[in-house]
Amino acid sequence: LRMLRRVALLLYALVMLSLLLRPPPPRWRALAEIVTCLLGPLWLIVGLHLRQSTAALDMCACALGLAFAAGLQWRTRSRDWRWSGDVRAWLSALALLPAALALCFAANVHALHLPDMRHALVYVAWAGVQQWLMLTVVLGRLRTLLPTAAAVVACAALFALLHTPNATLMQLCLLAELWWAWCFTRARALLPVTLAHALCA
């Protein structure tokens, strides 16, 4: 099984290299890039739940997926988003925080444990990576394939898929990313969504 995973990882890397060096026709390019970007992170999520002994390979697959996404962004050399935003961008992204707090109280807040500062900062960074991937890479390509509203829904569904197999978490992620992706299409600001993601989580 481990050898098969190594072969699959090698094939995954070769597919990425091929897409970067010889992109497919525009009709298929966006879809191929979306699938290839997300396959690595999904591999990690599924792999860690199924077999801890292959965690290093799973982490490598995720890193390859993120590196491919970064390569796509570098290749286009165009950035139609910004890090921060105006007050409205922050307020709209953080609008889900009261709902998250209400869910905490509904689920018995006394049983929850806040992370220490180091873990909190690490999670903020991880939330930033997730939202960068979903909003600047995936959503941007979905909007070339679908109307904006449909692209937002598809982006949220893919974000939920990346939180499998926890059904409750997947539903919450779907609802949250529907809002955050819509906010991003309006303000094009990444940091407000990143902080909202981290605080709500």
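Residues numbered from 1 in each chain as written. Predicted model: local features only at pLDDT ≥ 70, side-chain atom pairs only at ≥ 80, totals over all residues. Heavy atoms only, no water.

Caption draft 1: Structural context of helix α9 (residues 190–200). Along α9, the residues that are buried comprise L190, P192, V193, T194, A196, H197 and A198. On the buried face of α9, the contacting elements are α4 (87–93), α6 (117–145), α7 (148–161) and α8 (167–187). (Buried < 20%, exposed > 50% of the residue type's maximum accessible area, 1.4 Å probe, protein only. Helix = DSSP H or I, 4+ residues; strand = E, 2+ residues; numbered from the N terminus. Contact = heavy atoms within 4.5 Å.)

Caption draft 2: Quick peek at the pattern of salt bridges. Here the structure, examined in full by the defined rule, presents three salt bridges. The partner of R141 in a salt bridge is E33, with the nearest N and O atoms 2.6 Å apart. Of this pair, R141 sits in helix α6 while E33 sits in helix α2 (residues 26–50); the two residues are 108 residues apart in sequence, bridging distant segments of the chain. The burial state of R141 is the same as that of E33; both residues are buried. (Salt bridge = Lys/Arg side-chain N within 4 Å of Asp/Glu carboxyl O.)

Caption draft 3: Expanded view of the environment of L145. Here L145 shows up in helix α6. Spatially, the C-alpha atom of L145 lies 22 Å from that of L175, the residues being 30 residues apart in sequence. What L145 contacts, discounting residues up to four positions off in sequence, is A30, L31 and I34.

Caption draft 4: Layout of the side chain of T136. By secondary structure assignment, the location of T136 is in helix α6. Overall, T136 belongs to the buried group, its relative accessible area being 8%. A polar contact is formed between the side chain of T136 and the backbone oxygen of W132, at a distance of 2.5 Å. With residues up to four places along the chain from it excluded, the contact list for T136 reads Q73, W81, Q131, R141 and F184. (Polar contact = N/O pair within 3.5 Å; in protein donor to acceptor, adjacent residues only side chain to side chain.)

Caption draft 5: Representation of the nonpolar core. With 40 residues, the main nonpolar core has C37, L38, W132, L133, M134, L135 and L139 as its most contacted residues. Every element with two or more residues in this core is listed here: α1 (2–21), α2, α3 (55–76), α6, α7, α8 and α9. In terms of residues, this core owes the most to one element, α6, which gives eight residues. With residues up to four places along the chain from it excluded, the contact list for L38 reads L133, M134, V138, L158 and L162. (Core = buried A, V, L, I, M, F, W, Y, C linked by side-chain atoms within 4.5 Å.)

Caption draft 6: A look at the layout of surface pockets. Approximately 1,500 Å³ is the volume found for the largest pocket. Lining the largest pocket are 50 residues, and of these Y123, H197, A198, C200 and A201 sit closest to its centre. The set of elements that each furnish at least two residues to the lining of the largest pocket consists of α2, α3, α5 (97–106), α6, α8 and α9. When residues of the lining of the largest pocket are assigned to their parent elements, the largest contribution, eleven residues, is made by α6. Looking at the lining of the largest pocket residue by residue, the classes come out as 41 nonpolar, nine polar and no charged. (1 Å grid on protein atoms, 1.4 Å probe; cavity = no way out; pocket = protein on both sides within 12 Å on 5 of 7 lines; lining within 4 Å. Points joined across faces, edges and corners; volume = space filled by probe spheres on them. Nonpolar A, V, L, I, M, F, W, Y, C, P; charged D, E, K, R; others polar.)

Caption draft 7: Quick look at the state of the cysteines. Scanning the model with the defined rule gives zero disulfides in all. Looking at the unpaired C155, the closest cysteine sulfur is the one in C173, lying at 12 Å. A relative accessible area of 0% places C155 in the buried class. Take C183: it sits in no disulfide, and the sulfur closest to it among the cysteines is that of C200, at 11 Å. Under the relative-accessibility criterion, C183 is labelled buried at 5%. (Disulfide = S-S within 2.5 Å.)

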